[in-house]
Amino acid sequence: MNLFTQLENENRQEPLAQILRPKTLDEYLGQTNVISNNSPLLNLLKSKRLFSFIFFGPPGCGKTTLARLIANYTNARFVELSATSSGVKDIKDIVASAKENLIHNRKTILFIDEIHRYSKTQQDALLPHLESGLIYLIGSTTENPSFQVNSALLSRTSVIQLNKIDNESIKKIILKGFDYLKNQYGDVIFDDKITDFIIRFANGDARSALNLVEKAYFSSSFKDEKRYIKMEELETLAQKTNIKYSIQEHYDLASAFQKSLRGSDKNAAIYYLAKLIESGEDPRFISRRLIVTASEDVGNQDPNALNIAINAHKAVEILGLPEARIPLAQAVIYIANAPKSNQTIMAIDEAINDIRSGKDYLPPMHLRDCHYKDAKKYGYGDGYFYSHLDYNHKQQFLPDEIKDRDYFKES
């Protein structure tokens, strides 16, 4: 270590979340579905054999920590890259050093944070080295790998989903943070309301929880050689809780939103509307979902639903957020309350399916266009009856091959 590195380490202010990162599997909290007695992953680790994984879960749930613990448990070399600042050259350098370490009987785990940001070329660069066992990959991502990681890499790894950390575990992490700060810098007084507030603020994110613990401690009032954390001070420190929103959440929320409208649950629909808005979703996407639902799930049971949805879309274009939330909510309530029928979508999809499956027939001769020279010579238009003369007059409109087809079923 040179002088500059030493000075850098001495002057660096290490975050509390980094200081308290679990050092053993016993300290690892909140993922009992992954690490528990006789869990598949723990049994793999006990075998001392390494495998490649992709950890998928929300921020602050312990993806990086678990990767480090696996390396410690298996005595493997741990090399960390960020997908936002690394590339193929970095992978080649790590592969070269991994070969040298294998000579000394030490395996290499390559940890790539936010692996979904790697391009296809960068992901492909990993494949031969995973196949040969030269390196073992642990990728972490907040995005569903099924959408963001190519199939070749997925086939060579096991995807393990981590969940938001439960409130009980977050509470333990918070109290551990306060205990550490007390031991290092002096006593602090706070009540259960403070802990509950931080739990709600963190929303399952251990890093967010410890960051707020650290801010709350050092910004607290000082009296009689003790610190006192007050709720109003904590609320000032705490920024608005960010909704965790990835590509999967985008589709999941849109799905829940539309299904709630279809199921006539206006409370659920309003809740998912609020969540879409607070997640930063484009309000035009929301209004387009309303238009689709008005036709697909309400249809001609209440044709006015489509008018309401289209007007909400226009209002979004005119107003923008935050005002557009009001006409959006108005349309949501109307469509949720409207009587439902899926006759429209069932009819058009069944007809399209017929055509795609080979039932692609020409119209009967009497319906074909006869407004051009020689049309009559081919028999086009012969026998057509002008329906306005007598709406009770029966004539065939479907092609002969499917003349009795009925696309409309009772909802």
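Preceding this section is the structure that the text describes.
Summary of the structure given here. (Residues numbered from 1 in each chain as written. Predicted model: local features only at pLDDT ≥ 70, side-chain atom pairs only at ≥ 80, totals over all residues. Heavy atoms only, no water.)

## Some details on the overall build of the chain
Thought 1: Within the chain, the regular secondary structure consists of 19 helices and eight strands.
Thought 2: Its C-alpha radius of gyration of 31 Å places the chain more than 25% over the 22 Å reference for a compact globule of 411 residues.
Thought 3: Seen through its C-alpha atoms, the chain measures out along the principal axes to roughly 100 × 60 × 40 Å.
Thought 4: Within the chain, the proportion of its 411 residues that are buried is 41%. (Helix = DSSP H or I, 4+ residues; strand = E, 2+ residues; numbered from the N terminus. Rg over C-alpha atoms; globule rule 2.2 N^0.38 Å. Buried < 20%, exposed > 50% of the residue type's maximum accessible area, 1.4 Å probe, protein only.)

## Overview of the sheet that holds strand S7 (residues 221-223)
Thought 1: Taken in spatial order, the three strands of this open sheet run S6-S8-S7, and their pairing is mixed. Only two strands of the sheet have a single neighbouring strand rather than two, namely strand S6 (188-189) and S7.
Thought 2: Bridge count between S6 and strand S8 (residues 226-228): two bridges; the pairing is parallel. The residue of S8 that forms the bridge with Ile 189 is Tyr 228. (Pairing = 2+ DSSP bridges.)

## Quick notes on the pairing of strand S4 (residues 136-141)
Across a regular strand the side chains alternate sides, sitting on one face of the sheet and then on the other.
Thought 1: Taken across its six residues, S4 has six buried, putting it largely inside the fold.
Thought 2: For strand S3 (residues 108-113) and S4, the ladder comprises five bridges, and the chain directions are parallel. Looking at S4, one finds that Leu 110 is bridged to Leu 137.

## Considerations on the nonpolar core
Thought 1: Formed by 26 residues in total, the largest nonpolar core has its most connected members in Ile 170, Ile 174, Phe 178, Ile 198, Leu 212, Val 213 and Leu 234.
Thought 2: Of all the elements in the fold, those that place two or more residues in this core are helix H2 (16-19), helix H10 (167-185), helix H11 (192-202) and helix H12 (206-218).
Thought 3: The biggest single contributor to this core is H12, with seven residues.
Thought 4: Here Ile 198 is in contact with Ile 174, Phe 178, Ala 209, Leu 212, Val 213 and Leu 234, once residues within four sequence places are set aside. (Core = buried A, V, L, I, M, F, W, Y, C linked by side-chain atoms within 4.5 Å. Contact = heavy atoms within 4.5 Å.)

## With respect to the pattern of salt bridges
Thought 1: Counted under the stated rule, the structure contains ten salt bridges.
Thought 2: Between Arg 156 and Glu 131 there is a salt bridge, with the nearest N and O atoms lying 2.4 Å from each other. You can see Arg 156 sitting in the loop between helix H9 (151-154) and strand S5 (158-161) and its partner Glu 131 sitting in helix H7 (residues 127-132), a full 25 residues away along the chain.
Thought 3: We classify Arg 156 as partly exposed; its relative accessible area is 31%.
Thought 4: When its relative accessible area of 54% is taken as the criterion, Glu 131 is described as exposed.
Thought 5: Between Asp 354 and Arg 405 there is a salt bridge, with its nearest N and O atoms 2.8 Å apart. Taken together, the residues Asp 354 in helix H19 (residues 343-356) and Arg 405 in the segment after H19 connect sequence positions 51 residues apart.
Thought 6: On the accessibility criterion, Asp 354 (4% relative accessible area) is buried.
Thought 7: Of the residues examined, Arg 405 reaches a relative accessible area of 29% and is grouped as partly exposed.
Thought 8: Residues participating in the shared-partner salt-bridge network are Glu 350, Asp 354, Lys 359 and Arg 405. (Salt bridge = Lys/Arg side-chain N within 4 Å of Asp/Glu carboxyl O.)

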